[in-house]
Structure formats: C-alpha cells, structure tokens
Amino acid sequence: MTLKYLTQQLAKTIDEELMSQAGGFSIDQLMELAGLSVAQAIAKVYDNLKYPRVLICCGPGNNGGDGLVAARHLFHFGYKPNIFYPKQTKNELYQRLIVQCDNLNIPFTNNLSNQLKQSDLVIDAIFGFSFSGEIRAPFDQVIQMLKETKLPIASIDIPSAWDVEKGNINGRGFTPAILISLTSPKLCAKQYNGIHFLGGRNLEKKYDLQLPLYPGTDQVIDITNVSGEKL
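Cut-offs and rules
Residues numbered from 1 in each chain as written. Predicted model: local features only at pLDDT ≥ 70, side-chain atom pairs only at ≥ 80, totals over all residues. Heavy atoms only, no water. Helix = DSSP H or I, 4+ residues; strand = E, 2+ residues; numbered from the N terminus. Rg over C-alpha atoms; globule rule 2.2 N^0.38 Å. Buried < 20%, exposed > 50% of the residue type's maximum accessible area, 1.4 Å probe, protein only. Contact = heavy atoms within 4.5 Å. Areas by Shrake-Rupley, 256 points an atom, 1.4 Å probe, with all protein chains shown as cover. Core = buried A, V, L, I, M, F, W, Y, C linked by side-chain atoms within 4.5 Å. Salt bridge = Lys/Arg side-chain N within 4 Å of Asp/Glu carboxyl O. Phe/Tyr/Trp six-rings, centres within 6.5 Å; stacked < 30°, edge-to-face > 60°. Lys NZ or Arg CZ within 6 Å of the ring centre and 35° of its normal. Axes fitted to C-alpha atoms, helices over the stretch in contact; angles between N-to-C directions. Parallel < 35°, antiparallel > 145°, perpendicular 65-115°, else oblique. Left-handed = near helix turned anticlockwise from the far one by under 90°.

As annotated in an unreviewed UniProt entry, the protein carries the name 32877_t:CDS:1 and is attributed to Racocetra persica.

This is how it looks when you write it as structure tokens:
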C-alpha cells in the first residue's frame, strides 16, 4: 500500500469540499470525527492508568476545536484531561465545545508551566495544516515550552510550528511521540519517524488517496510503517 501525502493547497481543497454541498459535512461534524480519532489513538498507546493526566494545548482555530472534542472523549475514556486554551474565540461553535467540557468539570488552566509539571502526556492541538508564517505570542512561548518538556506529545494532523510541506524548518518545532494525521497525511509527515496514526474516514474515491482499511469500528489506524508519495 502507498499512501498519498497532501500538499497544503490540496489539503485545503479537500477540507472545503468536505464542507460543501457536495461533501455534506458541517465543520462541527468534522471536528467531532477528528477529536474522536485523536482520543482513540491516545487510548491505543497510552494506558489511562499509567498516563491519566492529559494536557491538551489548544490553538485558536480548527485544530484547537479538535483538541476540545478530544478532551471530552478522553474524559469518557477514563482519563483526566486539563485544557490550556490561551486565545479563545467568541465563535459559537467553540463556545459550545467549551460548555461541553465545563459540564464535565474538565478544568481549564492558564499556567502552562505549572500544568506541564502535573501532567503525564500532552496533546498538541495548536496549529493545523493551514498555518504559515511566524509564530506569534503567546504561542511562541508555548512552542518553546513544548520543545523543552520531557513529556510525550501527540500532535493533531501536523506537529505545531512545522511547515505543512517542508517539515521542521531550522528546528523551530518539536518532534512528537505520536502524530495523528487526519483524512490523509500531509507532506511534512514524510519527515516524521515516530508512531503515526491516520484518522477521519472522510473521503477516498475522488482523489485516489489509497487509504487503508480501518479495522472494525475504529476511527484510527496505525500507519507507522506504511510508505507514501506526494499527491
């Protein structure tokens, strides 16, 4: 099997098509599927007895929304999530996701440094495939702290601060222990050598993505040893 690795533009095109009339998905549906995929991947690798305290670092966009959904599912999977969300949006969708977490008494923290000391695992839900340019405050400091932590990190779709196509340019980002690609891996994932999952189950035929068959009812599949090529 040879997976297709997506350029940034094709990833955007597929995302837009999924949410078009032809695709039929809404953004909150895609976030729900993504967050569930992330939670399932975490549960496959990190036992909730050994790694119960999960810190989810959320950015201001869709990747952060995926993280909020993942926090809710991880709570139901028996973990103890804690959310760092320094740049919240007033968008109704995200506010609803916050309410869902509040209703489960999932705590939000404002002190990343202290919370890292009280965590077993970090989920990187800061930047997604649409990110480009310089890393602005407060996320420049967040990325630096994640570079320095000894905790395992699981990144959603791409490792934050990586270029979506060129990877970890000049070492400005960190290398996560796990990468959970969504829909299809992005081109930067060709440089990634850690544990690699694919999640989403969203799209296949039109773009000939050569996606693997997901096992049973799983929303993720381990593609760590699967080769790929640029699409």
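Student: Just to check I follow, could you spell out the overall build of the protein for this structure?
Tutor: Summing up its helical and strand segments, the protein has six helices and ten strands in all. The globule rule puts the C-alpha radius of gyration for 231 residues at 17 Å, and the 16 Å found for the protein is close to it. Each of the three principal axes of the protein carries a C-alpha extent, and together these read 45 × 40 × 35 Å. A buried classification covers 52% of the 231 residues belonging to the protein. Within the protein, counting contacts between residues at least 6 apart in sequence, those at least 24 apart form 72% of the total. With an accessible surface of roughly 10,800 Å², the protein has 47% of that area assigned to carbon and sulfur atoms.

Student: What exactly am I supposed to notice about the nonpolar core here?
Tutor: Most often, soluble globular proteins have nonpolar side chains that are buried together. Counting 34 residues, the largest nonpolar core has Ile 42, Ile 83, Ile 123 and Ile 180 as its most contacted members. At the level of secondary structure, the elements contributing two or more residues to this core comprise α2 (27-45), β2 (53-58), α3 (62-76), α4 (92-103), β5 (121-125), β6 (153-156) and β7 (178-182). The element best represented in this core is α2, accounting for six residues. Ala 189, Leu 198, Leu 211 and Tyr 214 belong to the second largest nonpolar core, which has 23 residues in total.

Student: Even after reading the chapter, I still don't get the pattern of salt bridges, so can you show me in this structure?
Tutor: For side chains bearing opposite charge, pairing can occur when the charged atoms are close. Across all of its chains, the model carries five salt bridges by this definition. The salt bridge partner of Lys 186 is Asp 157, with a shortest N-O separation of 2.7 Å. With Lys 186 in the loop between β7 and β8 (195-199) and Asp 157 in the loop between β6 and β7, the pair connects residues that are 29 residues apart, well separated along the chain. Overall, Lys 186 belongs to the buried group, its relative accessible area being 2%.

Student: Sorry if this is basic, but what is going on with the packing of aromatic side chains here?
Tutor: Each pair of aromatic rings is reported with the distance of its centres and the angle of its planes. Evaluation of the coordinates by the stated rule reveals three aromatic pairs. Arranged with centres 5.5 Å apart and planes meeting at 65 degrees, the rings of Phe 127 and Phe 139 form a pair that is edge-to-face. Remark: Phe 139 occurs in helix α6 (residues 139-148) and Phe 127 occurs in the loop between β5 and α6; sequence separation between them is twelve residues. Residue classification places Phe 127 among the buried positions, given a relative accessible area of 10%. A relative accessible area of 4% means that Phe 139 is categorised as buried. Taken together, Phe 127, Phe 131 and Phe 139 form an aromatic cluster joined through their ring pairs. In this structure, Lys 190 packs its charged tip against the face of Tyr 5, placed 5.0 Å from the ring centre.

Student: Hey, could you run me through the side chain of Ser 119 in this one?
Tutor: Its location among the elements puts Ser 119 in the loop between α5 (112-117) and β5. Note on Ser 119: relative accessible area 5%, which makes it buried. Among all residues touching Ser 119, those that are not within four sequence positions of it are Arg 53, Leu 55 and Leu 151.

Student: So what exactly am I meant to see when it comes to the environment of Gln 115 here?
Tutor: Examined against the element boundaries, Gln 115 turns out to sit in helix α5. Sequence spacing of Gln 115 and Phe 84 is 31 residues, and the spatial spacing of their C-alpha atoms is 8.6 Å. Excluding its chain neighbours within four sequence positions, the residues that come into contact with Gln 115 are Leu 55, Asn 82 and Thr 109.

Student: Would you take a moment to explain the packing of α2 against α4 for this structure?
Tutor: Two measures define how a pair of helices packs: the angle their axes make with one another and the distance between the axes. Running from amino to carboxyl end, α2 crosses α4 at an angle of 40 degrees, the nearest separation of the two axes being 11 Å. It follows from the interaxial angle that α2 and α4 lie oblique. Both α2 and α4 take part in a crossing whose hand is right-handed. Here α2 contributes Ile 27, Asp 28 and Met 31 to the contact with α4, which in turn contributes Leu 93, Tyr 94 and Leu 97.

Student: Please clarify how the side chain of Asn 82 should be interpreted in this entry.
Tutor: In this structure, Asn 82 sits in strand β3 (residues 80-84). Take Asn 82: its relative accessible area is 11%, and that puts it in the buried class. Beyond its immediate chain neighbours, meaning those up to four positions away, Asn 82 contacts Val 54, Leu 55, Ile 56, Pro 107, Phe 108, Thr 109 and Gln 115.

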